[in-house]
Amino acid sequence: MNANATQRKDQGANAHSGRHGEQALEILQALRVDIISGELTAGSLLRQQLLAERFGVSRMPIREALYRLEAEGFISFTPNKGAVVAPVSAEDLREIYEMRVAAETLALRLAVPELTNTQIDRAEDLQIEMEKASLTEFGTLNAAFHRILLLPCARPRLLAHIENLENAADRYLRVTVATLDYAGKSHSEHRALLEACRRRDQDAAVNCLRQHIEEGGETLYRHLTQSASA
């Protein structure tokens, strides 16, 4: 095979791989929403052939999406069954919020000196929207609120890690807000965080964020532990 033919083959393979990657991301996002919303409940079997028919794709992007959902903790692969929606787990929750505390407080400490008034104003606008939002919209707005305050840390790997943790936490966040009537406390803590950011007070902002994540996580952890033992 000549050099031009080899180049065309490589370009075709890369384009094919790119299409599969885009399809996998779309499938991943759709299935994640279904799991977080409760449309796909714990124990639901995710058959690759049925998913391929649903999304009108081959099995390759389906498999890639499922592997990524497994890495995020949304599903597990079991012998003789395949992909199954993972149950809500107190221990999984604890690991997520412990990792969030470590990652997000680091990002915020780096971000506060670089935050602009425009970014803080945008975060406040998101907070106002959140206070009026439905439970369905709450998770998306909450993630956007945190993201805009952390973005100026300028650490792409850290931000990508935080995004993965937020995706995993969203499932639990909805339980906290809906079941434990936690929205009012969350809004108050967000307001305190915004004020600390406006003062560019790193220590106060980091402490607000740490308390916000830890108390929400510990409250739901106790709830899940008590429910499991009841």
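My aim in this report is to walk through the structure given alongside it, one point at a time. Remember, predicted model here, so these are calculated numbers, not experimental data. Going along each chain's sequence as written, the residues are numbered from 1 onward. In keeping with the predicted nature of the model, local features appear solely for residues at pLDDT of at least 70, side-chain atom pairs appear and are counted solely at 80 or more, and the whole-chain, interface and lining totals rest on all residues. Only hydrogens and water are removed before side-chain values are computed, so all heavy atoms of the structure are retained for them.

1. Overview of the overall build of the protein
Next, step 1: A tally of regular secondary structure across the protein gives 9 helices and 3 strands.
Next, step 2: The way it works is that DSSP assigns letters per residue, a run of H or I at least four long becomes a helix, a run of E at least two long becomes a strand, and they are numbered from the N terminus. Its helices and strands in sequence order give the protein the pattern α-β-α-α-β-β-α-α-α-α-α-α, from N to C terminus.
Next, step 3: Based on the C-alpha atoms only, the size of the protein along its principal axes is roughly 65 × 50 × 30 Å.
Next, step 4: Looking at the protein as a whole, 41% of its 230 residues are labelled buried.
Next, step 5: Summing over all exposed atoms, the protein offers an accessible surface of approximately 12,500 Å²; the carbon and sulfur share of this is 50%.
Next, step 6: Residues counted as positive are Lys and Arg, residues counted as negative are Asp and Glu, and His and the chain ends are not counted. Where a charge lies is defined by one atom per residue type: Lys uses NZ, Arg uses CZ, Asp uses CG and Glu uses CD. Between the centroid of the 27 positive side chains of the protein and the centroid of its 32 negative side chains there is a distance of 5 Å. Think of it in three bands: residues with accessible area under 20% of the maximum for their type are buried, residues over 50% are exposed, and the middle band is partly exposed, with areas taken using a 1.4 Å probe on protein chains only. Accessible areas in this description were obtained via Shrake-Rupley with a 1.4 Å probe; residue shielding takes into account the shown protein chains only.

2. Re the packing of aromatic side chains
Next, step 1: Ring pairs shown here join Phe, Tyr and Trp side chains whose ring centres sit within 6.5 Å, with only the six-membered ring taken for Trp; geometry is labelled stacked below 30 degrees between planes, edge-to-face above 60, and tilted in between. Taken as a whole and assessed by the stated rule, the structure comprises 1 aromatic pair.
Next, step 2: Centre to centre, the rings of Y67 and F77 are 5.6 Å apart; their planes meet at 50°, and the pair counts as tilted. Taken together, the residues Y67 in helix α3 (residues 59–71) and F77 in strand β2 (residues 75–78) connect sequence positions 10 residues apart.
Next, step 3: Since its relative accessible area comes to 48%, Y67 is described here as partly exposed.

3. Considering helix α4 (residues 90–111)
Next, step 1: Here the expected span of a helix is defined as 1.5 Å times the quantity of residues minus one. Its 22 residues place the ends of α4 31 Å apart at the C-alpha level, agreeing with the 32 Å of an ideal helix rising 1.5 Å per residue.
Next, step 2: Listed as buried for α4 are A90, L93, I96, Y97, R100, V101, A103, E104, T105, A107, L108 and A111.
Next, step 3: Here a polar contact means two N or O atoms within 3.5 Å. Within protein one must be a hydrogen donor candidate and the other an acceptor candidate, and residues neighboring in sequence count only if both atoms are side-chain atoms. The N-terminus of α4 is capped by S89, whose side-chain oxygen sits 3.3 Å from the backbone nitrogen of E91.

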